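# Fold and geometry: a report
Spelled out from the first residue to the last, the chains are:
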Amino acid sequence: MHSSKKALLVICAAISLLIVVWHFGLHNYFSLASLQANRIYLEHMVQRNYLQAVLMFIGIYTAVIAVLIPGVPPLTIIGGFLFGFVPGVIYSALGAAVGATLSFLLIRYVLSNVIKGRYAQKLDAFNKKIAAQGAATYLLTMQLVGVIPYFIINTLAALTQVRT
């Protein structure tokens, strides 16, 4: 399968998922008002099914990061709400790491030809900065500055020779 067909398939799958979520109103379950209204029920369910709740949260967090859906900050807050501050941070970080790795691999092996063709000049400049400063230093600095969204940094990194 050609990379453009793979890219189209991935894009269609992501759009289909968003349409299903929107159509069935699933996005309403992740609002602050919904959390407050169902606080006691959610606390009880998390206590009763802790492992399943953790795995579900990490799975959702991973999926959101992997398919580049906006909404990570509210999801992180939900993790703290459901599990407490420290466990929420740990579960969010785990979901983010797995999701970012999946996103990185998806971009590198499925979408790279499509993206490289359109942004070749910008990628050349990015590759030169990585070569001059080192991949870890440059990517970490970009992430900590916070001006460039994470998914763009991850996309750029996936299009370079940076190891997974």
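Criteria and thresholds
- Throughout, residues of each chain are indexed from 1 in the direction in which the sequence is written.
- Totals for whole chains, interfaces and linings use all residues, but because this is a predicted model, local features are given only for residues with pLDDT of at least 70 and pairs of side-chain atoms are given and counted only at 80 or more.
- Computation of side-chain values: all heavy atoms of the structure, hydrogens and water removed.
- Strands here are runs of E lasting at least two residues and helices are runs of H or I lasting at least four, both read from the DSSP assignment and numbered beginning at the N terminus.
- A helix is expected to span 1.5 Å multiplied by its residue count minus one.
- Partly exposed describes any residue whose relative accessible area lies between the buried limit of under 20% and the exposed limit of over 50%, with all areas from a 1.4 Å probe on protein chains only and scaled to the type maximum.
- What the arc measures is the spread of directions leading from the helix axis to the C-beta atoms.
- Residue contacts follow a heavy-atom distance rule, with two residues in contact if any of their heavy atoms lie within 4.5 Å.
- By definition, a salt bridge exists where a carboxyl oxygen of Asp or Glu is found within 4 Å of a side-chain nitrogen of Lys or Arg.
- To obtain each axis, a line is fitted to C-alpha atoms, and for helices this fit is confined to the stretch in contact; angles are then taken between N-to-C directions over 0 to 180 degrees.
- Gly counts as polar in this scheme, as do all residues outside two lists: the nonpolar Ala, Val, Leu, Ile, Met, Phe, Trp, Tyr, Cys and Pro, and the charged Asp, Glu, Lys and Arg.
- Classification of ring pairs uses Phe, Tyr and Trp, with its six-membered ring standing for Trp, and accepts pairs whose centres are within 6.5 Å; under 30 degrees between planes counts as stacked, over 60 as edge-to-face, and the remaining range as tilted.

### Section: helix 7 (residues 120–133)
Taking 1.5 Å per residue as the helical rise, helix 7 with its 14 residues ought to reach 20 Å, and the 20 Å between its terminal C-alpha atoms agrees with that figure. All of the buried residues along helix 7 are Leu123, Phe126 and Ile130. Along helix 7, the residues classed as buried sweep out an arc of 60° about the axis, all on the same side. Seen from the open side of helix 7, the exposed residues pointing more than 90 degrees away from its buried face are Gln121, Lys128, Ala131 and Ala132. Those residues of helix 7 that are buried lie in contact with helix 6 (85–118), helix 8 (135–145) and helix 9 (150–158).

### Overview of the pattern of salt bridges
Summed over all chains, the structure comprises one salt bridge. Of the charged contacts, one joins Arg39 and Glu43 as a salt bridge, the two residues approaching to 2.9 Å between their closest N and O atoms. Of the two residues, Arg39 and Glu43 both sit in helix 3 (residues 39–48), four residues apart, roughly one turn of that helix.

### Concerning the packing of helix 7 against helix 8
Here helix 7 crosses helix 8 at 115°, and the two axes come no closer than 6 Å. Taken together, the residues of helix 8 that come into contact with helix 7 (itself represented by Phe126, Lys129, Ile130 and Gln133) are Ala135, Thr137, Tyr138, Leu139 and Met142. Class assignment of the residues belonging to the contact of helix 7 with helix 8 gives a composition of six nonpolar, two polar and one charged.

### What about the packing of aromatic side chains?
Under the counting rule described, the total for this entry stands at six aromatic pairs. Ring geometry for Tyr50 against Phe83: centres 5.8 Å apart, planes inclined by 85°, an arrangement best described as edge-to-face. Residue Tyr50 is located in helix 4 (residues 50–66), and its partner Phe83 is located in helix 5 (residues 72–83); the two are separated by 33 residues in the primary sequence. The class for Tyr50 is partly exposed, based on a relative accessible area of 35%. Through successive ring pairs, a cluster of aromatic residues spans Tyr50, Phe57, Tyr61, Phe83 and Tyr91.

As far as function goes, none of this settles anything; it's purely spatial.
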